[in-house]
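# Inside the fold
Here's the letter readout for the chains.
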Amino acid sequence: MTLLNYAHEATRFTRTRRIDTLVKVLPLLLLVLYSHSLGRRSFGEIGISVPWSVVILMEVLAVVPLAYSRTNPGAAAGVIAVFCATQLVIGAAPGVSALAAPLAVYACAKYGRPSVSRAYLAVALLGAGALATYFVLLDFYYVRQYNDTGSWTDSLGSAAFTGGFAAAVVLVFWLAGHLAGRRRRELSAVFDRNQLLMRERDQEARLAADAERMRIAREMHDVVSHSMSVMIAQADGGRYVLQQSPDRAAQAFETIGETGREALTEMRRMLGVLREGDGELQKRPAPGVQDLHQLIEDVSASGLEVRLNMLSDSIPRLPEGVGLAAYRIVQEALTNTLKHAGPTARAGVWVAVASAPDPALMLEIRDTGRGTAAQSDGGGSGLLGMAERARLYGGTVQTRAHEAGFDVLARFPLDTRTARAVSVERSDPIQEDAG
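Cut-offs used in this document
- Residues numbered from 1 in each chain as written.
- Predicted model: local features only at pLDDT ≥ 70, side-chain atom pairs only at ≥ 80, totals over all residues.
- Heavy atoms only, no water.
- Core = buried A, V, L, I, M, F, W, Y, C linked by side-chain atoms within 4.5 Å.
- Buried < 20%, exposed > 50% of the residue type's maximum accessible area, 1.4 Å probe, protein only.
- Helix = DSSP H or I, 4+ residues; strand = E, 2+ residues; numbered from the N terminus.
- Contact = heavy atoms within 4.5 Å.
- pLDDT = per-residue confidence, 0-100.
- Salt bridge = Lys/Arg side-chain N within 4 Å of Asp/Glu carboxyl O.
- Phe/Tyr/Trp six-rings, centres within 6.5 Å; stacked < 30°, edge-to-face > 60°.
- Lys NZ or Arg CZ within 6 Å of the ring centre and 35° of its normal.
- Axes fitted to C-alpha atoms, helices over the stretch in contact; angles between N-to-C directions.
- Parallel < 35°, antiparallel > 145°, perpendicular 65-115°, else oblique.
- Nonpolar A, V, L, I, M, F, W, Y, C, P; charged D, E, K, R; others polar.
- Pairing = 2+ DSSP bridges.
- Arc of directions from axis to C-beta.
- Left-handed = near helix turned anticlockwise from the far one by under 90°.

### Remarks on the nonpolar core
Ranked by internal contacts, the top residues of the largest apolar core, which has 33 residues, are Val289, Leu292, Leu334, Val349, Val351, Leu361 and Phe412. For this core, the secondary-structure elements that each account for two or more residues are α9 (292-301), β1 (305-310), α10 (320-341), β2 (346-354), β3 (360-367), α11 (382-392) and β5 (405-413). Considering every element that reaches this core, the biggest residue donor is α10, with 8 residues. Ignoring any residue separated from it by four or fewer positions in sequence, one finds Leu334 in contact with Ile296, Val299, Leu304, Val306, Ala347, Val349 and Ile365. One finds Ala62, Leu66, Ala77 and Ala104 within the second-largest nonpolar core, a separate group that totals 22 residues.

The structure is reproduced here in structure tokens:
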């Protein structure tokens, strides 16, 4: 608990004690002074002889703890019980201070722990029995002292009525406090649950923000890595053919400029989701499988011979996230080919939909580069990024380096509705040919 929470709790307890002092303690103290101002006498009829001032002190000490009945109900009830019992011992029946006992029981039932509540209910019921016993002894004292002719039946009946009435009052106050305490605990539980939900919501928001930052980091890696690889390849090629073929060099430099502008646009689009007011950037659709033709053309223009094998009509409409992940996996695989496969490498991209045993979108990217002989700089995260992208949508990525090149196989599961749509699209041309 922070220092601010401690200060808040201390202020709340102080305010509660002030309210209890004004509402409970002061009225009872006034009644105590008024009742004892009617006559001053010593007490000790069936107990210890004590002066009038001590009796008043006992009653005051039995009332004052009510100021702490809400903040420390167990301690307050214990002090009240001690001084009420002391009054019985000295032979002074509790007067106004007897009203403090049911109020303390009510506070224990409402604000105290269940064990404290039950314990002081038992103490209060014992006090009711002690009060009845006090009146029996008081009648016996008068019979012996003054030769009273009253019957024991009347004395027992009066004592039973007094004790029963006191026990009934205690039970009523305890039940009222118990019901109020249960309602209070239910409200407290609801409040705690709401606080927990708010903390969980904040934590989920932080996790979502972290996930979004990771997604943007992957996007930035793919865009920058691919674009820089294309630009480096074009720059190297343009430098070699600058004097022999100025036209081809100019075309290479033009490709460098276009690739740089496209990379800048992609980065602006991705970073635009972090800024308000860039509605046009946010509305631009993310690249998907339908954009692979343009990607292959851009990569081919950089000097890498790439062949795309995909029937556009056989590819269903994919969720935007799956389409973007497929596009980025192909882009990253071709980027790695540009960086590591060597100048004589060629690449092929196959995109298809498998219908059995489980419908899935299949991607395969193969190159004829160095394969296992390729040197790695050890600082890339492309393969890991491809696997993470596929895992987000329940897919898998398998990579294999061999002497003849490097292979990347990705699989994205499709739902049954998508698979049904694919099967219908494939069956129509077959039926037409059969007819």
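The structure having been displayed, the exposition proceeds.
### Description of the confidence of the model for the protein chain
Averaged over the protein chain, the pLDDT score is 76; the fraction of residues at 70 or greater is 69%. Taken as a whole, residues 276-283 scores under 50 in pLDDT and shows 7 contacts with residues more than four places along the chain or in a different chain.

### Digging into the pattern of salt bridges
Tallied over the full model, the rule gives 4 salt bridges. We note a salt bridge from Arg70 to Asp20, for which the minimum N-O separation is 3.1 Å. Residue Arg70 is found in the loop between α2 (52-63) and α3 (73-89), and its partner Asp20 is found in helix α1 (residues 3-37); the two are separated by 50 residues along the sequence. Here Arg400 ties to Asp407 by a salt bridge, and the two come within 3.0 Å at their closest N and O atoms. Here the salt bridges share partners, and the residues they tie into one network are Asp20, Lys24 and Arg70.

### Let's talk about the packing of aromatic side chains
Taken as a whole and judged by the stated rule, the model has 1 aromatic pair. On the basis of an interplanar angle of 20 degrees and a centroid distance of 6.4 Å, the ring pair of Phe161 and Phe165 is categorised as stacked. Of this pair, Phe161 and Phe165 are both found in helix α6 (residues 152-240), 4 residues apart, which corresponds to roughly one turn of the helix. Taking the ring centre of Trp350 as reference, the NZ or CZ of Arg366 above it sits at 6.0 Å.

### So, the packing of α9 against α10
It is at 11 Å that the axes of α9 and α10 come closest, and there the two elements cross at 10 degrees. In terms of their interaxial angle, α9 and α10 are classed as roughly parallel. Of the residues in α10, those in contact with Leu292, Leu295, Ile296 and Val299 of α9 are Tyr327, Val330, Gln331, Leu334 and Leu338. Classifying every residue of the contact of α9 with α10 gives 8 nonpolar, 1 polar and no charged.

### A look at the pairing of β1
The side-chain alternation of β1 yields one buried face, formed by Val306, Leu308 and Met310, and one unburied face, formed by Glu305, Arg307 and Asn309. By the bridge criterion, 6 bridges tie β1 to β2 in an arrangement that is parallel. Counterpart to Arg307 in the pairing with β2 is Gly348.

### Some thoughts on α11
Taken residue by residue, α11 has Gly382, Gly385, Met386, Arg389 and Ala390 as its buried positions. On an axial view of α11, the arc spanned by its buried residues comes to 130 degrees, and they lie on one face. Set apart from the buried face of α11 by more than 90 degrees, the exposed residues are Leu384, Arg391 and Leu392. Following α11 by one or two positions, Gly394 has its phi on the positive side, about 75 degrees.

### Digging into the sheet that holds β1
Taken together, the 5 strands give an open sheet; going across it, the order is β1-β2-β3-β5-β4, and neighbouring strands pair in mixed fashion. Two strands lie at the open edges of the sheet, namely β1 and β4 (396-402), each paired on one side alone. The mean inter-strand angle of the sheet, taken between neighbouring strand axes irrespective of direction, is 10 degrees. Direction of pairing for β3 relative to β5: antiparallel, over a ladder of 8 bridges. The residue bridging Arg366 from the neighbouring strand is Asp407, located in β5. Against the sheet, α9 contacts β1 and β2, and its axis sits at roughly 165 degrees relative to β1.

### Points about the pairing of β2
Judged from the 8 bridges that link them, β2 and β3 form a sheet pairing that is antiparallel. Residue pairing in the sheet places Trp350 in a bridge with Glu364 of β3.

### Considering the environment of Leu22
Here Leu22 shows up in helix α1. Exposure remark for Leu22: the relative accessible area of 59% places this residue in the exposed category. C-alpha of Leu22 to C-alpha of Ala67: the two residues are 45 residues apart in sequence and 8.5 Å apart in space.

### A few points about the environment of Leu88
As for its placement among the helices and strands, Leu88 is situated in helix α3. On the basis of relative accessible area, Leu88 is assigned to the buried category, the value being 18%. Distance from Leu88 to Thr133, taken between C-alpha atoms, is 9.8 Å for residues 45 residues apart in sequence.

### Re the packing of α10 against α11
Packing of α10 against α11 brings their axes to within 10 Å, and their N-to-C directions diverge by 165 degrees. The angle between α10 and α11 falls in the class roughly antiparallel. The two elements α10 and α11 meet at a crossing, and its hand is left-handed. In this structure, α10 contributes Ala325, Arg328, Ile329, Glu332, Ala333 and Asn336 to the contact, and α11 contributes Gly382, Leu383, Met386, Arg389 and Ala390. The class makeup of the residues in the contact of α10 with α11 is 6 nonpolar, 2 polar and 3 charged.

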